[in-house]
Amino acid sequence: MQIQAAKEAMDDAQESANEHQGAMEDRFESFREACQIQRDMYARQLDELITTMGMLRRINATKVNHEISLGAVVLTELQNYFIGVSLGEIKMEGDSFFAISGMSPIYKAMAGKTSGDTFVFRDKEYKILQVF
């Protein structure tokens, strides 16, 4: 849905830039430049969303993870995580999970660990309760 919304916003900004006719040429050019800047912003958002979708599609949802890697769900004493893309907090069936990227510093601290292991991030020790 976000990809479609970004495409539509980008197209609308481009259409506004192409169709707007102002009384004064300078005002028209300023408006057109603003529309182009807005279109470029939506194009960047679209590119990021397509990259995010590609990353999510590479995750094998049927794989049972025994160690922390892309696609794993990690339960710790302090917080729960989904390793995939950075989406922030996700609530599911009353539980909170933080969707984090495989490039994030906290992922790098926990990568390769298994249930029962600990890792330290920002001076806090996390005990891994379960990985799946």
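**Things to note about the overall build of the chain**
Assigned secondary structure in the chain consists of three helices and six strands. Reading the helices (α) and strands (β) of the chain from amino to carboxyl end gives α-α-β-β-β-β-α-β-β. When burial is assessed residue by residue, the chain has 29% of its 132 residues classed as buried. Of the roughly 9100 Å² that the chain leaves accessible, carbon and sulfur atoms contribute 51%.

**Focus: the nonpolar core**
One finds Ile68, Val74, Tyr81, Ile83, Ile106 and Met110 to be the most contacted residues of the largest nonpolar core, which totals 14 residues. The set of elements that each furnish at least two residues to this core consists of β2 (80–84), α3 (105–110), β5 (118–121) and β6 (124–131). If near-sequence neighbours (up to four positions away) are discounted, isoleucine 83 is found in contact with Ile59, Ile68, Ser69, Leu70, Gly71, Ala72, Val74, Ile100, Tyr107 and Met110. Within the second largest apolar cluster, six residues are counted, among which are Ala6, Ala9, Tyr42 and Leu49.

**Quick notes on the environment of phenylalanine 98**
Here phenylalanine 98 lies in strand β4 (residues 95–101). Spatially, the C-alpha atoms of phenylalanine 98 and valine 85 are 9.8 Å apart, while their sequence positions differ by 13 residues. For phenylalanine 98, the contacting residues outside a window of four places in its chain are Gln79, Asn80, Tyr81, Phe82, Gly88 and Glu89.

**A word on the pattern of salt bridges**
The final tally for this structure, using the stated rule, is two salt bridges. Close ionic contact of arginine 39 with aspartate 40 constitutes a salt bridge, the shortest N to O distance being 2.6 Å. Note on aspartate 40: relative accessible area 33%, which makes it partly exposed. As a salt-bridge pair, lysine 91 and glutamate 89 come within 3.5 Å of each other at their nearest N and O atoms. The exposure class assigned to lysine 91 is exposed, which follows from its relative accessible area of 65%. With relative accessibility at 43%, the residue glutamate 89 sits in the partly exposed group.

**With respect to the packing of aromatic side chains**
Summed over the entire model, instances satisfying the criterion amount to two aromatic pairs. Aromatic side chains tyrosine 81 and phenylalanine 98 sit 6.5 Å apart centroid to centroid with 45° between the ring planes, which places their arrangement in the tilted category. A residue pair is termed long-range when its members are at least 10 positions apart, and tyrosine 81 in strand β2 and phenylalanine 98 in strand β4 qualify at 17 residues. A residue is classified by how much of its surface remains accessible, and phenylalanine 98, at 28% relative accessible area, is partly exposed. When the centroid spacing of 4.8 Å and the interplanar angle of 5° are considered together, the rings of phenylalanine 119 and tyrosine 126 count as stacked. According to the relative accessible area criterion, tyrosine 126 is buried, its value standing at 6%.

The rules behind the values
- Residues numbered from 1 in each chain as written.
- Predicted model: local features only at pLDDT ≥ 70, side-chain atom pairs only at ≥ 80, totals over all residues.
- Heavy atoms only, no water.
- Helix = DSSP H or I, 4+ residues; strand = E, 2+ residues; numbered from the N terminus.
- Buried < 20%, exposed > 50% of the residue type's maximum accessible area, 1.4 Å probe, protein only.
- Areas by Shrake-Rupley, 256 points an atom, 1.4 Å probe, with all protein chains shown as cover.
- Core = buried A, V, L, I, M, F, W, Y, C linked by side-chain atoms within 4.5 Å.
- Contact = heavy atoms within 4.5 Å.
- Salt bridge = Lys/Arg side-chain N within 4 Å of Asp/Glu carboxyl O.
- Phe/Tyr/Trp six-rings, centres within 6.5 Å; stacked < 30°, edge-to-face > 60°.

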